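One-letter residues, chain by chain:
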Amino acid sequence: MDAMVVLFALGLTAYIALRTAQGRISLPRAVSAEACLLTVFGLFPFVLRDAFDARPRPLVKLTVSGLATAMAVALVPAPPEGATGEGSWAMVAFLWLSVAILHLPAWGALGLGVVVVGLTASYVVLVTGRPWPGVLLTEALTAVLMAVAMWLWRWLWWTIREANDSKEAKARLAVSEERLRFARDLHDLLGHSLSVITLKSELAAKLATKDAARAAREMADVRRLVAESLTEVQHAVDGYQTLDLDEELAGVRAALEAAGTRCTVEARAGDLSPAARALLAWAVREGGTNVLKHSTATRCEITIDGGVLEMRNDGVRRPAAEPGSGLRGLAERMTTAGGSLTAAGTPDGGFLLRAAVPA
């Protein structure tokens, strides 16, 4: 748009220079007309941006540029008496009109268009001597085409801007989803590992004066778990975190039994897809972490059959409250994959975690 305005200004400047060289415009008049044109085209980019970015009411800029446009139209022709001209210099009025109507409602734009076209056509007839009907039709058609072109340009600009805003919104949404994924993965990873590390550290502290060899073994397990946790966190950061169901079942069983909870595992998951096995592995990890952190269970049963996981324990400390962030994150993960998750107390005073995934 700025380039179009520059070309238009250069064209009218050349027109004035040509008419001045032909002696049809005096030099003082040509200088005054050029000053008016420079005012119009100097303000035009600002008025244009106001119209394209929103639809404010820049009355001062529109009024000043409108007065400069009227003076330029009045000063440019100045033909000798009896001479005729084509009246193309009047297009500057329609250029101003095409932007001015963008700031007005439909009825205001129509009224302003009728006034500007009527006055401009009358003036062209007066200074050129051309027939009235032809001049009015030409000027009206020019004004309509320029106004429609400007409206289409603004519509195209708004469409491009909305598409760009939509792209940025999608990018922000992707970042937010990735943050949620990372927070969920980090909780699932470190929640389990830190619970086991805490348990083993406490056990090692108790055994330090009674069984130094076993205490050393427990601390060796702590060091191993820390190293594994660091590796898993790195995998989560890289977005490639995957869990093995068999390893998670074995790890949870070992952790629970170390805490004094008898754990039985019955898993028939050989026909499940890798994605389903990974989802169940997350459920096993979260369920095992909750048993360690939030229960006094003496017994835990884990069964997997046909894509359905059930973890039962008998150690509920208090009535179940709102689910924690780990269970909420796991539920989101399951729902996204087309599965489901429920976690609630049982009538016999136990607790049941049930996860179902697409087989």
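Note that the structure is a prediction, hence the values are computed from the model and not measured. (Residues numbered from 1 in each chain as written. Predicted model: local features only at pLDDT ≥ 70, side-chain atom pairs only at ≥ 80, totals over all residues. Heavy atoms only, no water.)

**Some words on the packing of helix α8 (residues 245-258) against helix α9 (residues 274-294)**
Part 1 of the reasoning: With their axes 8 Å apart at the nearest point, α8 and α9 run at an angle of 10° to one another. Here α8 is positioned roughly parallel relative to α9, judged by the angle of their axes. Packed against α8, whose contacting residues are L245, D246, E248, L249, V252, A255 and L256, the element α9 presents R277, L280, A281, V284, R285, G288, V291 and L292 at the interface.
Part 2 of the reasoning: Grouping the amino acids of the contact of α8 with α9 by side-chain chemistry returns 10 nonpolar, 1 polar and 4 charged. (Axes fitted to C-alpha atoms, helices over the stretch in contact; angles between N-to-C directions. Helix = DSSP H or I, 4+ residues; strand = E, 2+ residues; numbered from the N terminus. Parallel < 35°, antiparallel > 145°, perpendicular 65-115°, else oblique. Contact = heavy atoms within 4.5 Å. Nonpolar A, V, L, I, M, F, W, Y, C, P; charged D, E, K, R; others polar.)

**Digging into the side chain of S65**
Part 1 of the reasoning: Turning to its location among the elements, S65 is positioned in helix α3 (residues 59-75).
Part 2 of the reasoning: At a separation of 3.1 Å, a polar atom in the side chain of S65 contacts the side chain of W96.
Part 3 of the reasoning: In contact with S65, other than residues within four places in its own chain, are V40, L43 and W96. (Polar contact = N/O pair within 3.5 Å; in protein donor to acceptor, adjacent residues only side chain to side chain.)

**What to know about the pattern of salt bridges**
Part 1 of the reasoning: Going through the model one piece at a time under the given rule, you end up with 15 salt bridges.
Part 2 of the reasoning: Here R277 ties to D246 by a salt bridge, and the two come within 3.3 Å at their closest N and O atoms. Here D246 lies in helix α8 and R277 lies in helix α9, a separation of 31 residues in the sequence.
Part 3 of the reasoning: Take D246: its relative accessible area is 48%, and that puts it in the partly exposed class.
Part 4 of the reasoning: Connected through salt bridges with shared partners, the residues K200, R214, E218, D221, R224 and E228 form a single ionic network. (Salt bridge = Lys/Arg side-chain N within 4 Å of Asp/Glu carboxyl O. Buried < 20%, exposed > 50% of the residue type's maximum accessible area, 1.4 Å probe, protein only.)

**Topic: the UniProt feature "transmembrane region" (unreviewed entry) in the chain**
Part 1 of the reasoning: Those places that UniProt annotates as "transmembrane region" (unreviewed entry) correspond, in this numbering, to residues 31-47, 109-126 and 132-153.
Part 2 of the reasoning: The annotated region residues 31-47 carries 100% helix and 0% strand content, and the separation between its end C-alpha atoms amounts to 24 Å.
Part 3 of the reasoning: From the first C-alpha to the last, residues 109-126 spans 26 Å; its make-up is 100% helix and 0% strand. (UniProt positions renumbered as here; feature names shortened; annotations may be inferred.)

**Focus on the sheet that holds strand β5 (residues 351-356)**
Part 1 of the reasoning: With respect to topology, 5 strands assemble into an open sheet ordered β1-β2-β3-β5-β4, the strand pairing being mixed. Strands at the two margins of the open sheet, each flanked by one partner only, are β1 (262-268) and β4 (340-345). Across the sheet, the mean angle from the axis of one strand to that of its neighbour is 5°, orientation sign disregarded.
Part 2 of the reasoning: Bridge count for β1 against strand β2 (residues 299-305) is 7 bridges, and the pairing is parallel. Directly across from V265, in β2, lies its bridge partner I302.
Part 3 of the reasoning: Against the sheet, α8 contacts β1 and β2, and its axis sits at roughly 165° relative to β1.
Part 4 of the reasoning: Sitting on the sheet, α9 touches β2, β3 (308-313) and β5, and the angle it makes with β3 is about 10°. (Pairing = 2+ DSSP bridges.)

**A word on the environment of R184**
Part 1 of the reasoning: Counting through the fold element by element, R184 comes out in helix α6 (residues 132-207).
Part 2 of the reasoning: The spacing of R184 and L330 is 146 residues in sequence and 7.7 Å in space, taken between C-alpha atoms.
Part 3 of the reasoning: Every residue in contact with R184, bar those within four places of it in the chain, is listed here: G329, L330, E332 and R333.

**Here we look at the packing of α3 against helix α4 (residues 91-100)**
Part 1 of the reasoning: Orientation of α3 relative to α4, taken along the N-to-C sense of each, is 160°, at an axis distance of 9 Å. Comparing their axes, α4 and α3 come out roughly antiparallel. Our pair here, α3 against α4, has a crossing hand that is left-handed. Between α3, through L62, S65, G66, T69 and V73, and α4, the contact on the second element is made entirely by V92, A93, W96 and A100.
Part 2 of the reasoning: The residue makeup of the contact of α3 with α4, split by class, is 6 nonpolar, 3 polar and no charged. (Left-handed = near helix turned anticlockwise from the far one by under 90°.)

**Observations regarding the nonpolar core**
Part 1 of the reasoning: Of all hydrophobic cores here, the largest spans 39 residues; its most connected members are F41 and M150.
Part 2 of the reasoning: When residues in this core are grouped by element, the largest group, 11 residues, is from helix α2 (residues 27-53). (Core = buried A, V, L, I, M, F, W, Y, C linked by side-chain atoms within 4.5 Å.)

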